[in-house]
Amino acid sequence: MKSRRHELIKKIIGEEIIETQEALAEALRARHMRVTQATISRDIKELFLIKVPADGGRYRYAVSPHEVMHFSEGRMKRIFKDNVVLCDFSENIVLVKTIPGAAATVAAALDASDWQEIIGTVAGDDSIFVLVKPKDTAENIVERIQELLR
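No experiment lies behind these values; they were computed from the predicted model shown.

A. The overall build of the protein chain, seen in detail. Helix and strand counts for the protein chain come out as six helices and six strands. Overall, the protein chain shows an N-to-C arrangement of helices and strands of α-α-α-β-β-α-β-β-α-β-β-α. If one aligns the C-alpha atoms of the protein chain with their principal axes, the spans along those axes are about 55 × 30 × 25 Å. Summarising the internal contacts of the protein chain: among those between residues at least 6 apart in sequence, 52% fall at separations of at least 24. Summed over all atoms, the accessible surface of the protein chain reaches about 8,900 Å², with 52% contributed by carbon and sulfur. Across the protein chain, 22 positive and 23 negative side-chain charges occur, with their mean positions spaced 5 Å apart.

B. Layout of the layout of surface pockets. Roughly 240 Å³ of volume is contained in the second largest pocket. Taken together, Lys2, Arg42, Lys45, Glu46, Arg75, Arg78, Ile79, Asp82, Asn83 and Thr105 form the lining of the second largest pocket. For the lining of the second largest pocket, the elements supplying multiple residues, two or more each, are helix H3 (37-46) and helix H4 (73-83). Looking at the lining of the second largest pocket element by element, the count peaks at five residues for H4. Grouping the constituent residues of the lining of the second largest pocket by class yields one nonpolar, two polar and seven charged.

Thresholds applied
Per-chain numbering applies: the sequence of each chain, read as written, is numbered from 1 onward. Local features are withheld for residues below a pLDDT of 70 in this predicted model, meaning they are given only at 70 or higher, and side-chain atom pairs are given and counted only at 80 or more; totals for whole chains, interfaces and linings count all residues. Think of the side-chain values as coming from all heavy atoms in the structure, minus any hydrogens and water. A helix here means a DSSP run of H or I that spans at least four residues, while a strand means a run of E at least two residues long, and both kinds are numbered starting from the N terminus. What makes two residues a contact is simply this: any of their non-hydrogen atoms within 4.5 Å. Accessible surface area values rest on a Shrake-Rupley calculation with a 1.4 Å probe, where residue burial reflects the displayed protein chains alone. Positive charges come from Lys and Arg, negative ones from Asp and Glu, while His and the chain ends are left out of the count. Note that the charge is assigned to NZ on lysines, CZ on arginines, CG on aspartates and CD on glutamates. Throughout, the protein atoms alone are placed on a 1 Å grid, and a set of points is a cavity if a 1.4 Å probe fits but cannot get out or a pocket if it is open with protein on both sides within 12 Å along at least five of seven lines; lining residues have an atom within 4 Å of a point. Grid points are joined across faces, edges and corners, and a volume is the space filled by probe spheres set on the points. Lys, Arg, Asp and Glu make up the charged group, whereas Ala, Val, Leu, Ile, Met, Phe, Trp, Tyr, Cys and Pro make up the nonpolar group; the residues left over, Gly among them, are polar.

Shown next as structure tokens:
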């Protein structure tokens, strides 16, 4: 649900001039997506939306052109504690299971981390494959993820 809502938000702000959180909430509701103001506020932060100039001296929401994501240790812990259900590995692939709809957020946090062993991630709805190199570091990655869950 969250990843679908995030994709819809990006689509909406790409197609329409959305100036306020209220306008974004209305646009989502018009597309049959039930949201609260608190949800919209969190989504704006998680998507790193910015305000850019629009016509007539107005400002609108936009996706940051750089989309450089920074996840502090505290934010990583929150994301993992709130969303990760299970973590295991085989050879050089780490499997991270999340609550439904949360895999993209957790994968983005892993992609933005400075964990040099991680080559990349592939996220579905509630599962993430994390490719690591060398393969003997997979167990260490699982331990680091489990540490974030504590």
